[in-house]
Amino acid sequence: MREIAVVGGGGGAVCLLEALSQRSGPPAAVTVFEPSDRLWRGRPYQRDADCVLVNLPSRAMSVRAGDPGHFDRWLAGARRRETGAAGEADPVAGGTGRADPFDAAAFPARAIFGDYLESVAHDSVARLRARGWTVRVVPERVVHAAPCGGGATLTTERGGSHRADRVVLCLGAGAPYDRFRLHGPEPGFVPDPYPVAHTLAGIAPRDTVAVLGTGLTAVDVALALRANRHQGPVCLLSRQGVLPAVRQRPVAHVFQHFTPGHFHELSRRGEVGFTEVVRVLRDELASAGQDPAELDTEFASLHEDPARRLRRQLDLFDAQGLGLRILQHTLPVAVDVWPLMPHRDRAALLQHHYRAIHSLCCPMPPSTAAHLSAMSEAGQLRIVRGLHSVSRTGRGFSAVTGSGRIHADTVVNATSVAAHRVPTAAAPLVQSLITASAASVHPHGGLRVRRETSQLVVDGTPQECFYALGDLTFGSLFITAAIPVIVKLAQEISREVAGP
Ligand SMILES: Cc1cc2nc3c(=O)[nH]c(=O)nc-3n(C[C@H](O)[C@H](O)[C@H](O)COP(=O)(O)OP(=O)(O)OC[C@H]3O[C@@H](n4cnc5c(N)ncnc54)[C@H](O)[C@@H]3O)c2cc1C
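Here's a quick rundown of the structure. (Residues numbered from 1 in each chain as written. Predicted model: local features only at pLDDT ≥ 70, side-chain atom pairs only at ≥ 80, totals over all residues.)

### Examining the overall build of the chain
On a plain count of helices and strands, the chain comes out with 16 helices and 17 strands. Taken over the C-alpha trace, the chain has a radius of gyration of 23 Å; the compact-globule value for 500 residues is 23 Å, and the two agree within 12%. Across its three principal directions, the C-alpha atoms of the chain cover 60 × 55 × 50 Å. Burial statistics for the chain: of 500 residues in total, 44% are counted as buried. Sequence-distant contacts in the chain: of pairs separated by 6 or more residues, those separated by 24 or more amount to 75%. (Helix = DSSP H or I, 4+ residues; strand = E, 2+ residues; numbered from the N terminus. Rg over C-alpha atoms; globule rule 2.2 N^0.38 Å. Buried ≥ 20, exposed ≤ 12 C-beta atoms within 10 Å, placed from the backbone. Contact = placed C-beta atoms within 7 Å.)

### Things to note about the site of the ligand
Near the ligand lie 35 residues; those nearest to it are Gly8, Gly10, Gly42, Gly172 and Gly470. Element by element, the count of residues in the shell around the ligand is highest for helix α1 (residues 11–21), at 3 residues. Here the shell around the ligand is composed, by residue class, of 19 nonpolar, 11 polar and 5 charged. (Near = placed C-beta within 6 Å. Nonpolar A, V, L, I, M, F, W, Y, C, P; charged D, E, K, R; others polar.)

### Things to note about the packing of α1 against helix α16 (residues 483–497)
Where α1 contacts α16, the two axes come as close as 8 Å, and the packing angle between them is 45°. The orientation of α1 relative to α16 falls into the category oblique. Along this stretch, α1 crosses α16, giving a crossing that reads as right-handed. From α1, Gly11, Gly12, Cys15, Leu16, Ala19 and Leu20 reach across to α16, where they touch Ile483, Ile486, Val487, Ala490, Gln491, Ile493 and Ser494. Among the residues making up the contact of α1 with α16, the classes are represented as 9 nonpolar, 4 polar and no charged. (Axes fitted to C-alpha atoms, helices over the stretch in contact; angles between N-to-C directions. Parallel < 35°, antiparallel > 145°, perpendicular 65-115°, else oblique. Left-handed = near helix turned anticlockwise from the far one by under 90°.)

Below, the structure written as structure tokens:
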């Protein structure tokens, strides 16, 4: 039997098991390595406060390829089971029973999505076992891997050795990067905000809290402080001060022009530069009867006052224009377009437009935006740009920003991960692969992978037995960690690794 090793047992591993369980073919053996107590949930969907929500509508969060209603059906079943039990809260409203004025069922708590992942993993394993597969979980970190006779040998932290024919790295994103080196024995600094239910619990109610970052994680922290009835000031600080955009009422869209097939056709005729990609997007908008000016306005207003931008976008929840929503649907196609673009255009896009694209393509749920806006209007929340440095002082922290110095009693790290995209827990493993010439670093971060197969690539040659899924492929691919993209790539990897 073919031996498949899956390193990392979070959301990516679940998508892969689900995809494998839906395929026919000879049985194989799967071993999943996961050292943490968050098996099948990973860091994003661990058990946590119910104010921490998924940021895509539930219909886009199905992990079963080709079945967008899968998560919604599971949610409906969970709700029936919960309401059957007297006194239990509605899981769809995050367990609080509070109604989301925008769309009650669309953005469940991430912990509930974690429950769904656990349930999908158990069902997938049962289906595989019923077909003669063996599936086992090793609760250990993999610290070393090396190619060996067409396969690989993996070593775990306790010295265990495991042979595999195919290895899929699903290592996740890891914790935020401690850019200002604030982590140490002294109290007051929260290096990783998850689970917010524990990490923020000790913050004194009147403390001034500085949150490093203005992305989705920073938004989670602000919301969790609000849920904890925090009374002191909260400042979200970053270089550009750009919040995620606000998600509008979800709509379905079927692409006419912005399809992988169309881009491959264009690439046969020449380079697919950034200008060409924008032209195809404009054709897509035109064929959907949409005015491209909507997107032009959003790109141009990136540096609008953040609180004003938040309120303006919240008011656009039911906007007539579909431009932003069509742009957001392009993410799973972007992984196909990205490798076709010339290196210089990719570099320029990452340097000049990444923040804007990320903000617009990975927006926050509208109910989240409404809470933030309420905090801002009450004068409790400030979003400050021009963050330059943060250091400890005798009585807390001092942040140097574009609006002067800001004092904070507590600092919560909610910045992005390090540019190399390798989680600390996986650093020895990734280094061993690089040393063994089985992996190479992409100049934009992550490891080099081949788009068609997700195999690791060294000197242009795909490595026969090593694959990567998720954040580790950033650079070779583009915004690869959203569930719809992971589902698509896991489907392709399952075809590769389960082969004869
Ligand atoms: C805070 C947060 C919120 C998010 N919210 C959403 C959302 O709402 N919607 C969406 O579509 N996407 C979201 N994402 C993107 C998210 O990354 C994916 O949805 C998905 O969880 C990624 O799965 P993964 O398997 O790549 O990573 P993870 O789920 O993080 O799993 C990686 C696992 O690898 C393990 N690991 C690491 N190193 C080793 C090693 N050396 N040996 C063995 N195991 C190891 C870790 O312990 C971890 O459990 C979010 C991401 C974050 C960080």
